[in-house]
Amino acid sequence: MSWIRRRKRKEEPSANRLPDLEFLALVRAGLEEFAPGVTQGAQLKGNSLLSPHGWAVGVAPPHHGGGRHYDLVALPDVGIQPDVPCFMDCVVSMSADPQDAANMWVQTAGACLLELLDRRGHFADHEGPDDDRGVPGRHTITSGAVGLGRDVDENRRLQRALLEANVLHRIADSFTADLESPFFNGVKVFYGGRPGAMHAEIRVNGERHEAASAAMAALGLPEPTTFTAVRYYALLLPVSAEGGEPNYPTARLDLAPATVEAEADAHGAACTCDCGGRLDAEHPGFELAMPHLLAELSEEERRERVLAETDAMIIAKDVGNFLKVRLPIRLDDGRTVVYLAWVYLKAAVIDDFVQRAENGTLNGHRFEGLLCNAIDPWGEDVLRAPVVLGGQRINEDDSVRLSEVLESSDPLLNKVLTETWPAAYVLGDRFPWPPSS
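If you're wondering where the values come from, they're calculated on a predicted model, not measured in any experiment. (Residues numbered from 1 in each chain as written. Predicted model: local features only at pLDDT ≥ 70, side-chain atom pairs only at ≥ 80, totals over all residues. Heavy atoms only, no water.)

### What about the overall build of the protein?
- A count of helical and extended segments in the protein gives 11 helices and 20 strands.
- Within the protein, buried positions represent 51% of all 437 residues.
- When contacts within the protein are restricted to residue pairs at least 6 apart in sequence, those whose partners lie at least 24 apart make up 62%.
- Carbon together with sulfur atoms contributes 49% to the accessible area of the protein, which is approximately 20300 Å² in total. (Helix = DSSP H or I, 4+ residues; strand = E, 2+ residues; numbered from the N terminus. Buried < 20%, exposed > 50% of the residue type's maximum accessible area, 1.4 Å probe, protein only. Contact = heavy atoms within 4.5 Å. Areas by Shrake-Rupley, 256 points an atom, 1.4 Å probe, with all protein chains shown as cover.)

Laid out in structure tokens, this is it:
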């Protein structure tokens, strides 16, 4: 017997609801934007998106919700027959554009699907059963949190609150006994609503779990000032008593390794501007060659002062300790431009960073520094701005994923990080093709 309960169709789709294949075409577009190349060769047939690499996404008959509600089934390995292991999630289009609903799935359950097949921390985070954010007895793959409200600040506040609440770790006792699948169990974490009418929900394998939802509601998450909703998704894989890797599907993605070097190169061909960066139309980004303080020195002075240097860290005598980080800026056309910039860290902070990287406790760690590059078009107005950084997990090849700038107490840099900016203003004449090409 399959571990997924089969459901009968309860109602016909609403006239406002896109046909299955039209919605899956939006899912395919969202997946391709999220992971370029991942949908190459994938075909739309029946009610499914089928990849030649052995995975698929299908639309299930609607069993709850309104006309803009879509139940999606992800099948990481269709080669397992007759009962193909799968996990379920549902999304609802909260705007006039159904692409928003497709992207919501892509960035949460879809990210977990990609990570289950890629397994290098490129699309979602991994936690072991004994980790601070883990679930006992399970290997956990967790997406980022997506905000669904219209107020950007409230979205970010609730996204941060939901992640900091460490929900699945804290309420694990309420639902782990009901994890039925010997392959993987899909768990959706949702929190949202209006002030005074907030809703906390945990869905396990597509079904609302009452005990887990009640346990989450009891965590005391903050309320927004206006309608806001946030969600993330997790896959929980059984682990053996002897430990080691969980039982992953045999299907795999054929994507480049997610090392620090690959991440630095992930934004395309070399840019011809003098920023030392890289840029392409779909994934704009720039890599800044060195911290401002070192750039001001002559080559001879740099050779004398630099005591240690890697692709992601520089220690310079009487100058400072510097770490390369990701600084994301959201554009008004839906893309994000990423600067690979440098921050200054106090000696004690960088020592702690190195120690955490060595003992595997860097993921989720927050630490502070100063931005050490001018960022166009704001230039030196953000130079030396204080920043809060988030540590990242270690890749399988022992490289460290670049930490990300999460927030800043500097008013201008805070606006840079939290607001959406016109693409023409941020990229200017550094853009290699017209935006419509």
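### A few points about the side chain of threonine 39
- By the secondary structure assignment, threonine 39 is in the loop between α1 (20-34) and β1 (43-45).
- The class for threonine 39 is buried, based on a relative accessible area of 9%.
- A distance of 2.5 Å separates polar atoms of two side chains, one belonging to threonine 39 and the other to glutamate 32. (Polar contact = N/O pair within 3.5 Å; in protein donor to acceptor, adjacent residues only side chain to side chain.)

### Considering the packing of α1 against helix α2 (residues 98-118)
- Running from amino to carboxyl end, α1 crosses α2 at an angle of 55 degrees, the nearest separation of the two axes being 8 Å. Judged on the interaxial angle alone, α2 and α1 are oblique. You can see that α1 and α2 cross each other, and the crossing is right-handed. Within the contact between the two elements, α1 uses Phe23, Leu26, Val27, Ala29, Gly30, Leu31 and Phe34 and α2 uses Pro98, Gln99, Ala101, Ala102, Asn103, Trp105, Val106, Gln107, Ala111 and Leu114. (Axes fitted to C-alpha atoms, helices over the stretch in contact; angles between N-to-C directions. Parallel < 35°, antiparallel > 145°, perpendicular 65-115°, else oblique. Left-handed = near helix turned anticlockwise from the far one by under 90°.)

### What about helix α9 (residues 347-359)?
- Compared with an ideal rise of 1.5 Å per residue, which puts 13 residues at 18 Å, α9 spans 18 Å between its outermost C-alpha atoms and is within 8% of the ideal.
- Buried within α9 are the following residues: Ile350, Phe353 and Ala357. Looking straight down α9, one finds that the buried residues subtend no more than 50 degrees of arc, so they occupy a single side. Those residues of α9 that are exposed and angled more than 90 degrees off the buried face are Ala348, Asp351 and Glu358.
- Along its buried surface, α9 packs onto β15 (313-316), β16 (320-330), β17 (336-345), β18 (366-371) and β20 (403-407).
- After α9 finishes, the residue glycine 360 shows a positive phi value of roughly 80 degrees. (Expected span 1.5 Å × (residues − 1). Arc of directions from axis to C-beta.)

### Overview of the packing of aromatic side chains
- One pass over the structure, following the stated rule, counts 11 aromatic pairs.
- Both rings, one in phenylalanine 183 and one in phenylalanine 184, keep their centres 6.4 Å apart while their planes meet at 55 degrees; by these two values the pair is tilted.
- On the basis of an interplanar angle of 80 degrees and a centroid distance of 5.0 Å, the ring pair of tryptophan 378 and tryptophan 421 is categorised as edge-to-face. Of this pair, tryptophan 378 sits in the loop between β18 and β19 (386-390) while tryptophan 421 sits in the loop between α10 (411-418) and α11 (423-427), and the two are 43 residues apart along the sequence. (Phe/Tyr/Trp six-rings, centres within 6.5 Å; stacked < 30°, edge-to-face > 60°.)

### Examining the environment of valine 338
- Inspection of the secondary structure puts valine 338 in strand β17.
- As a C-alpha pair, valine 338 and glycine 285 span 53 residues in sequence and 4.6 Å in three-dimensional space.

### Looking at the pattern of salt bridges
- Applying the stated rule across the entire model yields 13 salt bridges.
- The partner of glutamate 201 in a salt bridge is arginine 203, with the nearest N and O atoms 3.1 Å apart. Like glutamate 201, the residue arginine 203 is buried in the burial classification.
- Two residues, arginine 366 and glutamate 407, come together in a salt bridge whose shortest N-O distance is 3.0 Å. Here arginine 366, found in strand β18, pairs with glutamate 407, found in strand β20; they are 41 residues apart in sequence, far enough to count as distant.
- When salt bridges that share partners are traced, they join Arg160, Glu164, Arg366 and Glu407 into one network. (Salt bridge = Lys/Arg side-chain N within 4 Å of Asp/Glu carboxyl O.)

### Some remarks on the sheet that holds strand β4 (residues 69-75)
- Within the open sheet, the 5 strands sit side by side as β1-β2-β3-β4-β5. Their pairing is antiparallel. Each edge of the open sheet is held by one strand with a lone partner, namely β1 and β5 (87-92). With direction set aside, neighbouring strand axes in the sheet form an average angle of 25 degrees.
- With 3 bridges connecting them, strand β2 (residues 48-50) and strand β3 (residues 56-60) associate as antiparallel partners. Paired with leucine 50 across the strands is alanine 56, a residue of β3.
- Contacts from α2 reach β3, β4 and β5 within the one sheet, and its direction differs from that of β5 by about 160 degrees. (Pairing = 2+ DSSP bridges.)

### Section: the nonpolar core
- Core analysis: the biggest nonpolar cluster contains 41 residues, and Phe23, Leu31, Trp55 and Trp105 have the highest contact counts within it.
- Contributions of two or more residues to this core are made by α1, β3, β4, β5, α2 and β12 (228-238).
- Tallying contributions element by element places α2 first for this core, with 11 residues.
- Beyond its immediate stretch of four places on either side in the chain, tryptophan 55 contacts Leu31, Val38, Leu49, Leu50, Leu75, Pro76, Leu113, Leu117 and Leu253.
- In this structure, Phe286, Leu323, Tyr339 and Val343 belong to the second largest nonpolar core, which totals 33 residues. (Core = buried A, V, L, I, M, F, W, Y, C linked by side-chain atoms within 4.5 Å.)

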